[in-house]
Amino acid sequence: MGNKNISMAVIRRLPKYYRYLADLLARDIQRISSKELSEIIGFTASQIRQDLNNFGGFGQQGYGYNVEALHREIGKILGLDKRYRAVIVGAGNLGQALINYAGFKNAGFDISAVFDANPKMIGLKLRDYEILDSDDIEDYVLNNKVDIAILCIPKNGAQDVADKLVGVGIKGIWNFAPIDLEVPSDVIVESVNLTESLFTLSYLMKERDEEQL
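Residues numbered from 1 in each chain as written. Predicted model: local features only at pLDDT ≥ 70, side-chain atom pairs only at ≥ 80, totals over all residues. Heavy atoms only, no water.

Caption draft 1: Expanded view of the overall build of the protein chain. Helices and strands together make up the secondary structure of the protein chain, namely nine helices and 10 strands. Referenced to the eigenvectors of the C-alpha coordinate spread, the extents of the protein chain come out at roughly 60 × 50 × 35 Å. Long-range pairs, those at least 24 residues apart, make up 57% of the contacts in the protein chain with a sequence separation of at least 6. Just so you have it, the protein chain exposes about 13300 Å², and 50% of that area is on carbon and sulfur atoms. Between the averaged position of the 24 positive side-chain charges in the protein chain and that of its 29 negative side-chain charges there is a distance of 7 Å. (Helix = DSSP H or I, 4+ residues; strand = E, 2+ residues; numbered from the N terminus. Contact = heavy atoms within 4.5 Å. Areas by Shrake-Rupley, 256 points an atom, 1.4 Å probe, with all protein chains shown as cover. Lys, Arg positive; Asp, Glu negative; His and termini not counted. Charge placed at Lys NZ, Arg CZ, Asp CG, Glu CD.)

Below you can see the structure in the form of structure tokens.
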């Protein structure tokens, strides 16, 4: 299926569809119309139909969507029927929170190792992981099939680490460092900037307060 022309706005809505459909399945709801889905997800029925039509016809007129089938197909579109091996770089508070996140395995992501540059952290055990020395990360990636690196490190040094990872074949980076990484065009970076998200919340709250004056 060639989806090169589908906008990122549509792609970024798919995980929300997937999550709401999972909730419906947990409530044993087997069928839903675009109108009913719009009422719980917050998108218009027209938007839902347009989004899903990008990937083929999933609904039937007069019937709606089969929840289980749609959930399964969106999972495939998102690549959740595949498994990826990942390493976490940075075993501070954020890295530890991610190590403890149970959702990785269910989504097809297997954490294979955790690295840190702090000598006081190296050798410590977090859950089932012994924290490894960041200096050894290139050898580890070369000798183990690793698809994704999760960067939970400060801004300083993040580009350096990304360069090393790309140099040994990493093609996907989930970046929590507050920096826009420069990588080759065949490497995918998804950045999560917590501060920018917080600033957006601050703006929206300010706007709401001004409207209430």
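Caption draft 2: Representation of the domain arrangement of the protein chain. Domain annotation of the protein chain identifies domain 1 (8-78) and domain 2 (84-195). Distance between the C-alpha centres of domain 1 and domain 2: 32 Å. (Domains from an automatic or database assignment.)

Caption draft 3: Inspection of the side chain of Ser34 at higher detail. As for its placement among the helices and strands, Ser34 is situated in helix α2 (residues 34-41). Since its relative accessible area comes to 12%, Ser34 is described here as buried. Not counting residues within four places of it along the chain, the set of residues in contact with Ser34 comprises Ala45, Ile48, Arg49 and Tyr65. (Buried < 20%, exposed > 50% of the residue type's maximum accessible area, 1.4 Å probe, protein only.)

Caption draft 4: A look at the UniProt feature "binding site: NAD(+)" (unreviewed entry) in the protein chain. Per the UniProt entry, the sites bearing "binding site: NAD(+)" (unreviewed entry) are Gly90, Ala91, Gly92, Asn93, Leu94 and Gly95 in this numbering. When you line up the elements, Ala91 lands in the loop between β3 (84-89) and α5 (93-99). When residues no more than four places from it in sequence are discounted, the contact partners of Ala91 are Gln96, Val114, Phe115, Asp116, Met121, Leu126 and Ile131. Within the secondary structure layout, Gly92 lies in the loop between β3 and α5. (UniProt positions renumbered as here; feature names shortened; annotations may be inferred.)

Caption draft 5: Focus on a nonpolar patch on the surface. A cluster of nonpolar side chains, Leu198, Phe199, Leu201 and Met205, forms an exposed patch at the surface whose accessible area comes to about 420 Å². Here Phe199 lies in helix α9 (residues 194-211). When its relative accessible area of 56% is taken as the criterion, Phe199 is described as exposed. (Patch = residues over 30% accessible without salt bridge, like charges linked within 9 Å, V, L, I, M, F, W, Y side chains within 5 Å. Salt bridge = Lys/Arg side-chain N within 4 Å of Asp/Glu carboxyl O.)

Caption draft 6: Structural context of the packing of aromatic side chains. Tallied over the entire structure, the rule returns six aromatic pairs. Plain terms: the ring middles of Tyr17 and Phe43 are 5.5 Å apart, the flat faces sit at 80° to each other, and that makes the pair edge-to-face. Of this pair, Tyr17 sits in helix α1 (residues 8-26) while Phe43 is found in the loop between α2 and α3 (45-53), placing the two residues 26 residues apart along the sequence. Here the two residues Tyr17 and Phe43 agree in accessibility, since each one is buried. Members of the aromatic cluster, each reached through a chain of ring pairs, are Tyr101, Phe104, Trp174 and Phe176. One cation-aromatic arrangement involves Arg13 over Phe43; the distance from NZ or CZ to the ring centre is 5.9 Å. (Phe/Tyr/Trp six-rings, centres within 6.5 Å; stacked < 30°, edge-to-face > 60°. Lys NZ or Arg CZ within 6 Å of the ring centre and 35° of its normal.)

Caption draft 7: Region of the structure containing the UniProt feature "DNA-binding region" (unreviewed entry) in the protein chain. UniProt's feature table lists "DNA-binding region" (unreviewed entry) at residues 16-55, given in the numbering used throughout. With 70% helix and 5% strand, residues 16-55 has end C-alpha atoms that lie 16 Å from one another.

Caption draft 8: Region of the structure containing the nonpolar core. By size, the foremost hydrophobic cluster in this structure holds 21 residues, and its most contacted members are Val87, Ile137, Val141, Leu151, Leu165, Ile170 and Ile173. Listing elements by their share of this core, those giving two or more residues are β3, β4 (109-116), α7 (137-143), β8 (148-151) and α8 (158-167). If one sorts the elements of this core by residue count, α8 sits on top with four residues. Beyond its immediate chain neighbours, meaning those up to four positions away, Ile170 contacts Val141, Val146, Asp147, Ile148, Ala149, Leu165 and Val187. The next biggest cluster of nonpolar side chains, apart from the first, holds 17 residues, and it includes Val10, Leu52, Phe55 and Leu70. (Core = buried A, V, L, I, M, F, W, Y, C linked by side-chain atoms within 4.5 Å.)

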